[in-house]
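Each chain, written out:
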Amino acid sequence: MLLPTEDLVLLHSPTFNGNEWNYVKECIDTGWVSSAGKYVDLFEKKLEEYTGVKRAIATCNGTAALHICLIMAGVNRNDEVLIPALSFVASANAVKYCDAIPHFIDSEEATLGLDLEKLDVYLNDITEIINEECFNKQTRRRIKVVMPMHTFGHPVRMDELLKVAKKYHLVVVEDAAESIGSYYKGTHTGGLGLLSALSFNGNKTITTGGGGAILTNDESLADLAKHITTTAKLPHKWEYNHDRVGYNYRMPNINAALGCAQLEQLPEFLEKKRVLANRYAEAFSNVDGVRFISEPINCKSNYWLNAILLDERYVSELEKILSMTNGSKIMTRPAWTLLNRLTMYSSCPAMDLSIASKIGSGLINIPSSITLAKNI
Ligand SMILES: *Cc1c(COP(=O)(O)O)cnc(C)c1O
């Protein structure tokens, strides 16, 4: 049985079974809770080792990490950034923080990520390349970045994405907020774009309370990311000199301490998530009209949030399923409202979003905490 003894089965609750208390207590005992202390450096080093990406820069949350990635990718005011309409609002917000414009792209049913063939046809139609830069012929704005998002931990088809990015001279920034522990053909998600962002929010696979990280294989971009996320202060014994407008986006030491303890348990968390996902896959395998979302071929998903997709014949039952499950204290959630339907983004450019719309109307996230695996 999947049901734990607790009253309410949450969508995703954190697990603290390791050294969390020791490391956090050490921060408090020594007074190093904030901008200095050993855990931030340690957490960054451990992230580099784990992901195989050369550099990791810890930040106060995933949205801040995305914001800095976009700045460093060269996104300027009035540029367009291609993002999936089927994503969490942070993806669009980070674009807006740069005074840039989100341009919404359709997704595909298999991976829940960007549909790259459809994107290619679309860009071929609406863009022109001038001096190796991509311009939207309809809005006359530059399209600078394409930002794939690995939905619920399922990797986007990165080979095809990189091909499209190259063809249209777009910089790739990966929104890997949901995909720590997910691999595309053996490469950790976030390791194929110029830059990428992870999130360690309380509901993600591992948590630092609130937190995020920028990943990049480019050493000079990494140094710059560290600089601008820490108020752009020039190193000096006592002087306060700052050489540009910086951000106070650093991760506090106490959060990094939590992160170090969580990272130690990540392999075990991922194993349990896989046990749970396999159990769900089996349980739904002969349910008519329901597809359990499994990892794409040649990929390893972290199965952050398990999801099922209702066949079009049963989409009208979605509200009923949500109210029945939540009424029985089993937390389930629908997909995010498509970003182009949110008031503040409703006038942004968008391609045909029929598949994102179809996924959005049939998708249900189901309980995914690793504690559920112990009851299987
Ligand atoms: C969680 C998430 C973020 C942002 O993370 P925060 O740490 O909550 O700021 C960004 N994008 C996606 C797709 C996410 O799921």
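Before reading further, recall that the structure is shown in the block above.
Residues numbered from 1 in each chain as written. Predicted model: local features only at pLDDT ≥ 70, side-chain atom pairs only at ≥ 80, totals over all residues. Heavy atoms only, no water.

**What about the environment of glycine 74?**
Stage number 1. Its location among the elements puts glycine 74 in the loop between α3 (62–72) and β2 (80–84).
Stage number 2. Between the alpha carbons of glycine 74 and tyrosine 184 there is a distance of 26 Å; along the sequence they are 110 residues apart.
Stage number 3. Apart from residues no more than four positions distant in its own chain, glycine 74 is found in contact with Asp79, Arg142 and Lys144. (Helix = DSSP H or I, 4+ residues; strand = E, 2+ residues; numbered from the N terminus. Contact = heavy atoms within 4.5 Å.)

**Thoughts on unusual backbone geometry**
Stage number 1. Its identity is not glycine, yet leucine 112 carries a phi of approximately 65°, on the positive side.
Stage number 2. Within the secondary structure layout, leucine 112 lies in the loop between β3 (101–105) and α5 (116–126).

**A look at helix α9 (residues 318–327)**
Stage number 1. Here α9 has its buried residues at Leu318, Leu322 and Thr325. Each buried residue of α9 sits inside an arc of 75° when the element is viewed along its axis, so together they form one side. Seen from the open side of α9, the exposed residues pointing more than 90 degrees away from its buried face are Glu319, Met324 and Gly327.
Stage number 2. Directly beyond the C-terminal end of α9, a positive phi value near 65° is found at lysine 329. (Buried < 20%, exposed > 50% of the residue type's maximum accessible area, 1.4 Å probe, protein only. Arc of directions from axis to C-beta.)

**A word on the packing of aromatic side chains**
Stage number 1. One pass over the full model with this rule turns up eight aromatic pairs.
Stage number 2. What links up through ring pairs into an aromatic cluster is the set Tyr280, Phe284, Phe292 and Tyr303. (Phe/Tyr/Trp six-rings, centres within 6.5 Å; stacked < 30°, edge-to-face > 60°.)

**Some points on the layout of surface pockets**
Gaps between atoms show up when a probe of the same size as a water molecule is rolled over them.
Stage number 1. Counted as a void, the largest pocket has a volume near 440 Å³.
Stage number 2. Surrounding the largest pocket, 27 residues form its lining, Phe88, Glu178, Asn203, Lys204 and Trp304 being those nearest its centre.
Stage number 3. Secondary-structure elements contributing two or more residues to the lining of the largest pocket are α3 and β15 (333–334).
Stage number 4. A total of three residues in the lining of the largest pocket trace back to one element, the largest contributor, which is α3.
Stage number 5. Here the lining of the largest pocket is built from residues that sort into 12 nonpolar, 11 polar and four charged. (1 Å grid on protein atoms, 1.4 Å probe; cavity = no way out; pocket = protein on both sides within 12 Å on 5 of 7 lines; lining within 4 Å. Points joined across faces, edges and corners; volume = space filled by probe spheres on them. Nonpolar A, V, L, I, M, F, W, Y, C, P; charged D, E, K, R; others polar.)

**Description of the sheet that holds strand β12 (residues 290–292)**
Stage number 1. Ordered in space as β12-β14-β16-β15, the four strands form an open sheet in which the pairing is antiparallel. Each edge of the open sheet is held by one strand with a lone partner, namely β12 and β15.
Stage number 2. Sheet strands in contact with helix α10 (residues 354–362) are β14 (306–310) and β16 (363–366), and its direction is about 50° off that of β16. (Pairing = 2+ DSSP bridges. Axes fitted to C-alpha atoms, helices over the stretch in contact; angles between N-to-C directions.)

**Topic: the pattern of salt bridges**
Stage number 1. With the rule as written, the count across this model stands at 24 salt bridges.
Stage number 2. The residue glutamate 26 makes a salt bridge to lysine 38 at a minimum N-O spacing of 3.1 Å. Here the residue glutamate 26 occupies a position in helix α1 (residues 20–30), and lysine 38 occupies one in helix α2 (residues 38–51), the gap between them amounting to 12 residues. (Salt bridge = Lys/Arg side-chain N within 4 Å of Asp/Glu carboxyl O.)

**Things to note about empty space enclosed by the protein**
Stage number 1. Per the counting criterion, the structure on display carries two cavities of 30 Å³ or more.
Stage number 2. Estimated volume of the largest cavity: approximately 50 Å³.
Stage number 3. Every residue lining the largest cavity is listed: His12, Ser13, Pro14, Thr15, Lys204, Thr205, Ile206, Thr207, Gln262, Phe269 and Ile370.
Stage number 4. Its residues placed into classes, the lining of the largest cavity shows four nonpolar, six polar and one charged.
Stage number 5. When its volume is computed, the second largest cavity comes out at roughly 40 Å³.
Stage number 6. Gly181, Leu270, Arg274, Lys300, Ser301, Asn302 and Tyr303 are the residues that line the second largest cavity.

**A look at the pairing of strand β1 (residues 55–59)**
Stage number 1. Counting buried positions along β1 gives five out of five residues, so the element sits mostly inside the fold.
Stage number 2. Alternating residues of β1 divide into Arg55, Ile57 and Thr59 and Ala56 and Ala58, and every residue in both groups is buried.

Don't take any of this as a statement about function, it's just geometry.
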